[in-house]
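Chain by chain, the residues:
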Amino acid sequence: MSPASQSVCHSARASGEASGTLARLLGADRPIVMGILNVTPDSFSDGGRFLDPGTAIEHARRMVAEGADIIDIGAESTRPYGTATPVSLTEEMRRLAPVLAAVAGLGVPVSIDTMKAQVAAAALAAGASIVNDVWGLQRDPDMADVVSRHGVPVIIMHNRETADPAIDIMADIAAFFTRSLALAERAGISADRVVLDPGIGFGKTPEQSLTALARLDQLGAFGHPLLVGASRKRFIDKVSPAPPDRRLGGSLAAHLLAVAGGARIIRAHDVAETVQALKVAAAIRAAR
Ligand code: HH2
């Protein structure tokens, strides 16, 4: 048997476990925190900090200790603000190789943040169990098949090449999700493995990111769990000017309101502070 087919068989065996992963995570009676691990030189807020494999693994370990339920590994900046350089398949795999298996061994599910189907497949074979596609299955024509074949959950994020201040952003997000969900269905991805994400900061003006957060509840109509990643994003700077590493207050405010609007998963750089904010908000709600 070829290594490729062995890995598919391994993944097919693991698929029941992987879809159970999402059900188990969402079965918790609290929001789920996804800690961000960028193994990149140029991510918008922490580029270069975790490019060294040892430092990356240590950071993941720390996020798990701080309460992260999922670790999201990315080896190419998703370029929310158009400044990062596209990365080749080889380079993306080279950055992930020394980190992925070790992080997958930390005891929480790992999602792979990639737009490339081949990277997703390799990461799933190396221990990742969720695919996070910032182009919602619409960029790489093989992505939906990879997700379907491995039977894993997928995060479908809204994106656009460029922001257009003139459009109705909620209508655009809804139309994008409809296209992605059709691709998922056609590929045989079961509906209970799909998470939707409005893509805060991606192809949106800061005002449109605020609108997407304010009207998040509308997206609940799709009937899928919602993920929000507002961590350190530029709309915060527009409201209250600060560089990316000084946007924790704004990130927490956005994430608490996202949970109030129906978000089940929060993607964050600052795990300890996010977990604390979510716990305190939940305790206050419970004390009513
Ligand atoms: N945001 C970023 C990257 N991936 N994935 C999802 N599902 N949702 C998001 O909001 C999201 C994402 C951008 O943040 P970061 O990873 O810190 O930056 P970069 O892409 O520059 O590495």
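Residues numbered from 1 in each chain as written. Predicted model: local features only at pLDDT ≥ 70, side-chain atom pairs only at ≥ 80, totals over all residues. Heavy atoms only, no water.

Quick notes on empty space enclosed by the protein
With the rule as written, the count across this model stands at three cavities of 30 Å³ or more. What lines the largest cavity is a set of 20 residues, and nearest its centre among them are Thr78, Asp113, Phe202, Lys233 and Arg267. Among the residues forming the lining of the largest cavity, the class breakdown is seven nonpolar, nine polar and four charged. Tyr81, Gly201, Lys204, Thr205, Pro206, Ser209, Lys233, Arg234 and Phe235 are the residues that line the second largest cavity. (1 Å grid on protein atoms, 1.4 Å probe; cavity = no way out; pocket = protein on both sides within 12 Å on 5 of 7 lines; lining within 4 Å. Points joined across faces, edges and corners; volume = space filled by probe spheres on them. Nonpolar A, V, L, I, M, F, W, Y, C, P; charged D, E, K, R; others polar.)

Things to note about the site of the ligand
Neighbouring the ligand are 19 residues; Ser43, Ser77, Thr78, Asp197 and Lys233 lie closest to it. One of the side-chain nitrogen or oxygen atoms of Asn132 is found 2.8 Å away from a nitrogen atom of the ligand. Notes on the ligand: free accessible area 480 Å², of which the protein chains cover 100%. Mapping the ligand onto the cavity grids shows that it belongs to the largest cavity. Elements that contribute at least two residues to the shell around the ligand include exactly β1 (32-38) and β5 (154-157). Taken together, the residues that form the shell around the ligand break down as eight nonpolar, seven polar and four charged. (Near = heavy atom within 4 Å. Polar contact = N/O pair within 3.5 Å; in protein donor to acceptor, adjacent residues only side chain to side chain. Areas by Shrake-Rupley, 256 points an atom, 1.4 Å probe, with all protein chains shown as cover. Sits in = over half its atoms within 2 Å of the grid points. Helix = DSSP H or I, 4+ residues; strand = E, 2+ residues; numbered from the N terminus.)

Thoughts on the side chain of Ser231
Looking at where Ser231 falls in the secondary structure, it is placed in the loop between β7 (226-228) and α9 (234-239). Only 2.7 Å separates the side chain of Ser231 from the side chain of His269, close enough to count as a polar contact.

Here we look at the packing of aromatic side chains
For the structure on display, the rule yields one aromatic pair. With a centroid separation of 5.5 Å and 85° between ring planes, the pair formed by Phe177 and Phe222 is classed as edge-to-face. Of this pair, Phe177 sits in helix α6 (residues 169-187) while Phe222 sits in the loop between α8 (216-219) and β7, and the two are 45 residues apart along the sequence. Residue classification places Phe177 among the buried positions, given a relative accessible area of 0%. Arg139 extends its terminal NZ or CZ atom over the ring of Trp135, reaching a point 4.1 Å from the ring centre. (Phe/Tyr/Trp six-rings, centres within 6.5 Å; stacked < 30°, edge-to-face > 60°. Buried < 20%, exposed > 50% of the residue type's maximum accessible area, 1.4 Å probe, protein only. Lys NZ or Arg CZ within 6 Å of the ring centre and 35° of its normal.)

Examining the confidence of the model for the chain
This prediction gives the chain a mean pLDDT of 93; 93% of its residues lie at or above 70. Confidence drops under pLDDT 50 across residues 1-16; counting only partners more than four residues distant or on other chains, this segment forms eight contacts. (pLDDT = per-residue confidence, 0-100. Contact = heavy atoms within 4.5 Å.)

Quick notes on the pattern of salt bridges
Per the stated rule, a full pass over the model turns up 13 salt bridges. Asp72 is the salt-bridge partner of Arg267, the closest N and O atoms lying 2.9 Å from each other. Highlighted residues: Arg267 in strand β8 (residues 263-268) and Asp72 in strand β2 (residues 70-74), separated in sequence by 195 residues. As far as burial versus exposure is concerned, Arg267 and Asp72 are alike and both buried. For Glu207, the salt bridge is made with Lys238, and the minimal N-O distance between the two is 3.4 Å. With Glu207 in helix α7 (residues 206-214) and Lys238 in helix α9, this pair connects stretches of sequence that are 31 residues apart. Residue class for Glu207 comes out partly exposed when judged on its relative accessible area of 42%. (Salt bridge = Lys/Arg side-chain N within 4 Å of Asp/Glu carboxyl O.)

Describing unusual backbone geometry
Glycine aside, a negative phi is what most residues show, and trans is what most peptide bonds show. Here Leu137, not a glycine, exhibits a phi torsion of approximately 70°, which is positive. Tracing the chain through its elements places Leu137 in the loop between β4 (130-133) and α5 (143-150). A positive phi angle, close to 60°, is found at Arg232, a residue other than glycine. Tracing the backbone through its elements, the reader meets Arg232 in the loop between β7 and α9.

Points about the pairing of strand β6 (residues 194-197)
Burial along β6 is two-sided: the face carrying Val194 and Leu196 and the face carrying Val195 and Asp197 are both buried. Bridge analysis of β5 against β6 gives four bridges, and the strand direction is parallel. Bridge pairing in β6 links Ile155 to Val195. Between the parallel pair β5 and β6, the chain is carried across by α6, and the sense of this crossover is right-handed. (Pairing = 2+ DSSP bridges. Right-handed = clockwise from strand over helix to strand, strands pointing away.)

Quick look at the packing of helix α4 (residues 117-125) against α5
Put simply, α4 and α5 touch, their axes get as near as 8 Å, and they point 20° apart. Between α4 and α5, the crossing angle belongs to the class labelled roughly parallel. Every pair of crossing elements has a handedness; the one defined by α4 and α5 is right-handed. Here Ala117, Ala120, Ala121 and Leu124 of α4 come into contact with α5, specifically with Met143, Val146 and His150. Among the residues forming the contact of α4 with α5, the class breakdown is six nonpolar, one polar and no charged. (Axes fitted to C-alpha atoms, helices over the stretch in contact; angles between N-to-C directions. Parallel < 35°, antiparallel > 145°, perpendicular 65-115°, else oblique. Left-handed = near helix turned anticlockwise from the far one by under 90°.)

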